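Now for the letters of each chain:
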Amino acid sequence: MHPTTSTPAPLSSRPPGHGASGGSGRRPPFPPPPALVVVAHGSRDPRALSTVRALLDRVRALRPGLPVHLGHIELNEPLLPDTLAGLHARGTGSAVLVPLLFGRGYHVKQDIPETAAASPLPTRVAAPLGPHPLLVDALHARLTEAGWRTPADGATRRASAVVLAAAGSRDPESRTDTARTADLLAQRLGVPVVPAYASTAAPTVSEALRALAAEGRRRVAVASCFTAPGRFATECAAASPWVTAAPLGTHPAMARLLLHRYTRARTAPVLTPA
């Protein structure tokens, strides 16, 4: 005669004290999400700080309950090390740092990872905002707001172009990222888009405008690949002969892009303290 076997009762019918969820029979609470720390460069122009704070408010509105914080590389408070120290002191489990920068320059590749690794708070670092279609959405929208209209006839199209004004970097990967953003914007607009820079890299915005004029491009707009008003955005606008887009600021696509980079980086390796 074979021994009697019994089928285990389902978890829902087992008495208290049985099962993986412990005596209460309740599931353990989900851990809180990592804090999102937006890393801005910083600026002496007071409009920059107010713009970045308003952008973070848009992010909070899109993701209620997500802890969203700000840290600066320089010039403004709070500085990034202070933000990370404060989060650690309050018992925050971890953070994802999202650079409010548009390419892989020195700050993205050196400053931010080194600051993160020096912090006792476990952190991950996201990619910069560009290149990405959401960035192109914001650039296109700002150009349209400024008066840009894609030309319908061939003659006007051949006389049209856009200069993509960016901050500039000595890092070739940063220039590659800006060029890729310019290519994506050109596909959207149907006219050439030339990357140009406010400092460090070439061509400057003025040089790009002169080169386009020499080609017979008389209908040239300037797209501002800047987060907020400041010296670079002001100088680039002053060089423009026609339509100049406003900085990207609080455009909804910028808030969505910050959250996209945050979500993608949540599975990246944690930077451990040095």
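A few points on the structure. (Residues numbered from 1 in each chain as written. Predicted model: local features only at pLDDT ≥ 70, side-chain atom pairs only at ≥ 80, totals over all residues. Heavy atoms only, no water.)

Structural notes on the pairing of strand 3 (residues 95-99)
Stage number 1. Taken across its five residues, strand 3 has five buried, putting it largely inside the fold.
Stage number 2. Burial along strand 3 is two-sided: Ala95, Leu97 and Pro99 facing one way and Val96 and Val98 facing the other are all buried.
Stage number 3. Taken together, the five bridges between strand 1 (residues 35-40) and strand 3 define a ladder with parallel strand orientation. In the sheet register, Val37 faces strand 3, and the bridge partner there is Leu97.
Stage number 4. In this region the chain leaves strand 3, passes through helix 3 (residues 106-118) and returns to the parallel neighbour strand 4 (residues 123-125); the handedness of that crossover is right-handed. (Buried < 20%, exposed > 50% of the residue type's maximum accessible area, 1.4 Å probe, protein only. Helix = DSSP H or I, 4+ residues; strand = E, 2+ residues; numbered from the N terminus. Pairing = 2+ DSSP bridges. Right-handed = clockwise from strand over helix to strand, strands pointing away.)

Points about the nonpolar core
If you look at soluble globular proteins, the nonpolar side chains tend to sit buried side by side.
Stage number 1. By size, the foremost hydrophobic cluster in this structure holds 50 residues, and its most contacted members are Leu36, Leu100, Leu143, Val162, Leu185 and Met254.
Stage number 2. The greatest single-element share of this core, amounting to eight residues, is contributed by helix 9 (residues 252-265).
Stage number 3. Residues in contact with Val162, not counting those within four places in the same chain, are Leu143, Trp148, Leu185, Leu189, Val191, Pro192, Val193, Val194, Ala221 and Ala223. (Core = buried A, V, L, I, M, F, W, Y, C linked by side-chain atoms within 4.5 Å. Contact = heavy atoms within 4.5 Å.)

Let's talk about helix 4 (residues 133-146)
Stage number 1. The terminal C-alpha atoms of helix 4 lie 20 Å apart, and with 14 residues this matches the ideal 20 Å at 1.5 Å per residue to within 8%.
Stage number 2. Contact partners of the buried residues in helix 4: strand 5 (160-166), helix 6 (172-189), strand 7 (219-224) and helix 9.
Stage number 3. Residue Gly147 follows helix 4 closely and has a positive phi angle near 120 degrees. (Expected span 1.5 Å × (residues − 1).)

Focus: the sheet that holds strand 7
Stage number 1. Within the open sheet, the three strands sit side by side as 6-5-7. Their pairing is parallel. What marks the edges here is a single partner per strand, and that holds for strand 6 (193-197) and strand 7. Each adjacent strand pair in this sheet contributes to an overall mean axis angle of 30 degrees, direction not counted.
Stage number 2. Pairing of strand 5 with strand 6, which is carried by five bridges, proceeds in the parallel orientation. Pairing of Leu164 across the sheet is with Pro195, part of strand 6.
Stage number 3. Taken strand by strand, helix 6 contacts strand 5, strand 6 and strand 7, and its axis lies near 145 degrees from that of strand 6. (Axes fitted to C-alpha atoms, helices over the stretch in contact; angles between N-to-C directions.)

What to know about the pattern of salt bridges
Stage number 1. Inspection of the entire model under this criterion finds nine salt bridges.
Stage number 2. The residue Asp57 makes a salt bridge to Arg60 at a minimum N-O spacing of 2.9 Å. Separated by three residues within a single helix, Asp57 and Arg60 lie in helix 1 (residues 46-62), roughly one turn from each other.
Stage number 3. Classification of Asp57 by relative accessible area gives partly exposed; the value is 45%.
Stage number 4. Look at the salt bridges and you will find they share partners, linking Arg104, Lys109, Asp171, Glu173 and Asp177 into a network. (Salt bridge = Lys/Arg side-chain N within 4 Å of Asp/Glu carboxyl O.)

Section: the side chain of Thr83
Stage number 1. Within the secondary structure, Thr83 is located in helix 2 (residues 80-89).
Stage number 2. Sequence-distant contacts of Thr83, that is, excluding residues within four places in its chain, are made with Val37, His69, Leu70, Gly71 and Pro78.

Details of the packing of helix 4 against helix 6
Stage number 1. Here helix 4 crosses helix 6 at 55 degrees, and the two axes come no closer than 10 Å. Put simply, helix 4 runs oblique to helix 6. Our pair here, helix 4 against helix 6, has a crossing hand that is right-handed. For the pair helix 4 and helix 6, the contacting residues are Pro133, Leu135, Val136, Asp137, Leu139, His140 and Leu143 in the first and Thr181, Leu184, Leu185, Arg188 and Leu189 in the second.
Stage number 2. Its residues placed into classes, the contact of helix 4 with helix 6 shows eight nonpolar, two polar and two charged. (Parallel < 35°, antiparallel > 145°, perpendicular 65-115°, else oblique. Left-handed = near helix turned anticlockwise from the far one by under 90°. Nonpolar A, V, L, I, M, F, W, Y, C, P; charged D, E, K, R; others polar.)

Some thoughts on the packing of aromatic side chains
Stage number 1. Taken as a whole and assessed by the stated rule, the structure comprises one aromatic pair.
Stage number 2. Over the aromatic face of Trp148 sits the side chain of Arg219, whose NZ or CZ is 4.9 Å from the ring centroid. (Phe/Tyr/Trp six-rings, centres within 6.5 Å; stacked < 30°, edge-to-face > 60°. Lys NZ or Arg CZ within 6 Å of the ring centre and 35° of its normal.)

Topic: unusual backbone geometry
Stage number 1. The omega torsion of the bond from Gly130 to Pro131 falls at -5 degrees, within 30 degrees of zero and hence cis.
Stage number 2. Structurally, Pro131 can be placed in the loop between strand 4 and helix 4.
Stage number 3. In this structure, Pro203 follows Ala202 across a cis peptide bond, with omega equal to 0 degrees.
Stage number 4. Here Pro203 is to be found in the loop between strand 6 and helix 7 (205-214).
Stage number 5. Phi is positive for Leu75, which is not a glycine, with a value near 75 degrees.

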